[in-house]
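# Fold and contact review
Chain by chain, the residues:
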Amino acid sequence: MQFTTGMQAQKILMKNRKLFTSLTLLVAAVLVFMSLPEKPNHKSPTGSLSAIIPAPQSMEETEGGEYYSSSLITVEGVEELESSWNSIEEFLKNAGLDVVEAGDVGGNLAFRIDESIEGEESYGLEVSEHKITISARSSTGLYWGFTTLRLIMPDVAETGGCSNGFYLPQVRIEDSPEFPHRGLLLDCCRHFMEPEFVKKMIDNISLHKMNVLHWHLTEDQGWRIEIDAYPRLTEVGAWRTELDGSTHGGFYTKEQIREIVKYAEERNVEIIPEIEIPGHSQAALASYPWLGCVGDSLPVANKWGVFKDIYCAGNDSTLRFLETVLDEVCELFPSNRIHIGGDEAPKVRWDACDKCKKRIEEEGLADSHELQTWIIEHVGHYLESKGKTIIGWDEILEGGLPEGAAVQSWRGMAGAIEGVHLGTDVISSPTSHCYLDYPLNNIDLEKIYGFDPEPDEASHGPGRVLGGECNMWTERAPQETVESKVFPRAIGLAEVLWTGPETTGKEGAYYEFLERLDPHFNRLALLEVEYGLEAQPVAMKLALEENDEGRKLLAKFIPVGSFIKGKGQFVSAGGGESEPVSFDQAIEVDGPGEVVAEINYRGRVLEKKIKYPVDFHAGAYRDISLDYTPSMYYTGGGNYALVDGKLGSDNFRDGAWQAVQGEDMEFTVDLGSETALDSVSINFFHYQDAWIFMPRTISILTSNDGEEFQVVNVIENSDVFVKNDYEGPINQSASLENVSARYVKVISENPGVCPDWHAAATMDTWLFVDEFVVRERR
Ligand SMILES: [Zn+2]
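Residues numbered from 1 in each chain as written. Predicted model: local features only at pLDDT ≥ 70, side-chain atom pairs only at ≥ 80, totals over all residues. Heavy atoms only, no water.

When the domains of the protein chain are assigned, the result is domain 1 (11–175), domain 2 (538–615) and domain 3 (623–776). Between the C-alpha centres of domain 2 and domain 3 there is a distance of 27 Å. Surface buried jointly by domain 2 and domain 3 totals about 590 Å² across both partners, of which 56% is contributed by carbon and sulfur atoms. Among the residues domain 2 hides against domain 3, the three largest losses belong to Leu-542, Pro-613 and Asp-615. Together they make up 70% of the total. Between domain 2 and domain 3 we count one salt bridge in total. Asp-615 serves as the salt-bridge partner of Arg-775, at 2.8 Å between the closest nitrogen and oxygen. Along the contact surface separating domain 2 from domain 3 lie three residue pairs in polar contact (both at pLDDT 80 or more). Of all the secondary-structure elements, those providing two or more residues to the side of domain 2 that touches domain 3 are β20 (538–547) and β27 (610–615). Among the elements that make up the side of domain 2 that touches domain 3, the one with the highest residue count is β27 (four residues). Classifying every residue of the side of domain 2 that touches domain 3 by side-chain character gives seven nonpolar, no polar and one charged. (Domains from an automatic or database assignment. Buried area = accessible area lost by both parts, 1.4 Å probe. Salt bridge = Lys/Arg side-chain N within 4 Å of Asp/Glu carboxyl O. Polar contact = N/O pair within 3.5 Å; in protein donor to acceptor, adjacent residues only side chain to side chain. Helix = DSSP H or I, 4+ residues; strand = E, 2+ residues; numbered from the N terminus. Nonpolar A, V, L, I, M, F, W, Y, C, P; charged D, E, K, R; others polar.)

Structure representation (C-alpha cells):
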C-alpha cells in the first residue's frame, strides 16, 4: 500500500530557479508596492477551494476574478506569527516563491491580530484580487488561517511549483474549531520511530489542523526518553531482543526531543508526553530491578500484552525515581499536561508484596485497587506542585479521581460519560472508532468519520469533552507501515473534531468529504505521505446455489467505492487456479482454498492481493444449532458462522471468528440425510496473552435421529495451560472412518480461568472457533 509519487522533476526545477540578490528583492518589493504585478505569458498554476479539509465553518466565494501573485510574495505582520513564521516561511520558499517581509503595510499577504475575533484558534481568511488577509486574535489562529490558505494554493506548491507565480480563487472564510483537543497518539515504544519520521508526522497532522501529538514514550517493550539521572533506562531499557534473536530499539536524546518540541511548536502542535505509571513499566524494571516488588532481573519485554511486573507502590525509592524522571520530563516538554497512563496494571505483585501491603495499611486503603489510586494521586500532586496536570486512561476513574485530572476514554465511551458527570475534562478515543492499529474491516474511514466524541449523555456537564484522539499503537506496525494506517483515517477524525459532529454526522456528509479528499490525495502524494486505503477495498460474499444438479458455492467480490476495480479467482488448496474474472462475476469455490482479489485502486494495481480462506465442504450451509450465545463482539457474522464456508483468518478480530468467554461451546450440524463421513475438523484461535486458549477436550458425537448421540472421537489437549507464544489458528481434526450419520455434534470444553502464571490469572478464558468442516467419504 504505497502510493508515493516523488516529484523529483519539480524539486530540480526549484533548485535551478534564478537566485535573486537582496538588492533585486528590494527593487521588486518596491515595484510590487507601487504597481500591480504583470500577469505572465507562461502558465502559472491555479489553486482551488475543492480540497479544504477540515471543512471551514463558513466559506463564501467572492466575485471579481482571481488573485494573482508573481513569484515574489511580500508578507505583512510576520512578527504576529511568533515562532510559527519559521514553518510558514519555509513552506513559501519551498513553493518556489521569493519571500520578503514587508513590515506593517504593503504586502500581498497580511497577518493581522484582531481582538474582536472570538476564540483562541479562530481565524478569518480573505483572498481578494490583490491581497490575501488572514486575521485572528492569536498567532495560533493566524497559523490555522495560513494552513487553510496552503490547502487553497495549487498542490504543486508543496514541491516548488509556484516559481512562476500562482492564481487563487477569491474567497472569504470564517472558521473556528469545535473541539480544542484534536490529537494523534503515536506509540514509539513497541516500534521505535526515527526523529525525522516523528517530525514528518507532526507536519502532516498539523496540515489537517490537529494540534496534539500524544507521544507514548515508555512501555514494557522499550524506554525511549533519555533521563540523565538514570542512564540505564536508555542503555538497557531502550533495547529488546526479539524472539528471532535480533535487536530492536532506539531512544530520543534530550537534544532531539528539544528539537522535535520546537518543530511542533512552530506548527501549532502541543506534544503531551506519556510516561506510563504504574503498569507497562517492564523496560524500566529491566534497567533497575529494584523498582519492582520482587527485585528480580527481567528482560525488556519482547512480546505484546499486559505484564504483571510493575512499579512497587510501597517502595519510597521507586517514588523518588518517578519524581526524578518527571522532573526531567517537565523540563523538556512545555505542555502543562503530562499523560501518566494508569491503564492495564495487574495487582498480582502488589498483593504479594510486603512493602505494598504496608503502604495499604499505613494509608488506610481498602486494597490494591485503592493503592493504584493512591500512587496516581501521589504523582498527580507532585506534578501539580510543578504547575502541571495529569491525563490518564479511563482506569484512573476506578478508584476515585485525583483532583484536576483529565480522563482519556478508551474502553468505549463509558469513561467519557462518567468523567463528564464527575466534572472532569475528557478526551474521547474509544477502541470502537479511534484505534488505527485495528484493520480496515473493523475501523474504516467512514466509521471514524461517523464518530461522535461528545454523545448526548456527555454533553451536559459539569465536565467537558475537550476533544478526541486517534491512537496509533504499534505492536504490529513498524515505522514503514505507520503512515498507511494513520492516513487517511486520521484526516476523518481531524474533520470531526474541527468541523464538529453536528456537520459531519449529517446525511451525505461523508460523500461530500470524500469528494474533497480525492483531490487532496494529490497533495499527500506530493508530500510523500504513504497513505493507505480508506476502507477494505472489497467485501466478499458467499452464496449457495442449489438445484437439480446439486450444490455450488459461489463467491463474489463487492468493491467498496467507485475507485476500486479488479479481478477475482479461486485458488484451491491443491494449487489449482480458476480463470480471473471481473468483480461483477461469480467465482466458484470448489473445495478448500482461497478466493483472491487483485485490486486496482485509483488506477494503481496494489501489490498486496486480498485473500479470504474458504472451504466448500459437506457441512457448509447445513442447519446448525448452538447451545451457547456468542459474545456480542465476536458473533462471526451470525448463527451460521461456523458453517458459512468462510474461514477465520490469522486476525481474531476479522469478523469471521465466533467466541464465548467462560463457557463450553456445543453445536450440532444437520447434514440433511445420512452421510458417509471421512473426517471433521475445526479451527480454534490460540492467543494466550489475549486470554484465548484451546479447549481442554473436544468431543465429537454423531446421530441419525438427532436425539441419541454416540461419542465417536474425543480430542484431548493436556497442555492447554502450558505457556505458549503462538498467535493464530490451530486446526484440530478427527478421522471418522466407518461412521455414517446425519447429525454431528461437537462439544468444546472451556479450560476454565486463566492460570496462575497469566497476567489475567483467575479471569475467564475465551474460546474462539471458525470453521467447522465436514468431509464426506468419496
Ligand atoms: Zn511492592
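Compared with an ideal rise of 1.5 Å per residue, which puts 17 residues at 24 Å, helix α9 (residues 316–332) spans 25 Å between its outermost C-alpha atoms and is within 8% of the ideal. The distance from a side-chain oxygen at the start of α9 to the backbone nitrogen of Ser-317 is 2.9 Å, and the residue carrying that oxygen is Asn-315. (Expected span 1.5 Å × (residues − 1).)

This part is about the coordination of the zinc ion. The zinc ion binds to the protein through Cys-293 (SG), Cys-312 (SG), Cys-353 (SG) and Cys-356 (SG); the donor distances cover 2.2 to 2.4 Å. Because the angles between the four donor atoms bound to the zinc ion fall within 107 to 114°, the donor set is best described as tetrahedral. Each donor residue of the zinc ion belongs to the same chain, with the gaps between them written as C-x18-C-x40-C-x2-C. Placement of Cys-293 in the loop between α8 (282–287) and α9 and of Cys-353 in the loop between α10 (348–351) and α11 (354–362) is noted, with a sequence separation of 60 residues between them. (Donors = N, O, S within 2.8 Å, 3.2 Å for Na, K, Ca; no water. Tetrahedral: all angles 85-135°; square planar, octahedral: opposite > 155°, others 65-115°.)

A few words now on the packing of aromatic side chains. The description of an aromatic ring pair rests on the distance of the ring centres and on the angle between the ring planes. Taken as a whole and assessed by the stated rule, the structure comprises 34 aromatic pairs. Aromatic side chains Trp-393 and Trp-473 sit 5.8 Å apart centroid to centroid with 45° between the ring planes, which places their arrangement in the tilted category. Highlighted residues: Trp-393 in strand β16 (residues 389–393) and Trp-473 in the loop between β19 (465–472) and α16 (479–486), separated in sequence by 80 residues. For the pair shown, Trp-393 and Trp-473 are each scored as buried. Each residue in the set Tyr-634, Phe-652, Trp-657, Phe-685, Tyr-687, Trp-766 and Phe-768 is aromatic and connected to the rest through ring pairs, giving one cluster. Lying across the ring of Trp-498, Lys-209 places its NZ or CZ 5.5 Å from the centre. Here the guanidinium or amino end of Arg-653 rests over the ring plane of Tyr-438, the centre of that ring lying 4.3 Å away. (Phe/Tyr/Trp six-rings, centres within 6.5 Å; stacked < 30°, edge-to-face > 60°. Buried < 20%, exposed > 50% of the residue type's maximum accessible area, 1.4 Å probe, protein only. Lys NZ or Arg CZ within 6 Å of the ring centre and 35° of its normal.)

For the rest of this paragraph, the subject is the sheet that holds strand β14 (residues 270–277). Spatial strand order, β8-β9-β14-β15-β16-β17-β18-β19: eight strands in a closed barrel with parallel pairing. The sheet shows a mean angle of 30° between the axes of neighbouring strands, direction not considered. Sheet analysis places strand β18 (residues 426–428) next to β19, joined by three bridges and oriented parallel. Opposite Ile-427, over in β19, you have Gly-467 as the bridge partner. Contacts from helix α12 (residues 368–384) reach β14, β15 (337–341) and β16 within the one sheet, and its direction differs from that of β15 by about 165°. (Pairing = 2+ DSSP bridges. Axes fitted to C-alpha atoms, helices over the stretch in contact; angles between N-to-C directions. Contact = heavy atoms within 4.5 Å.)

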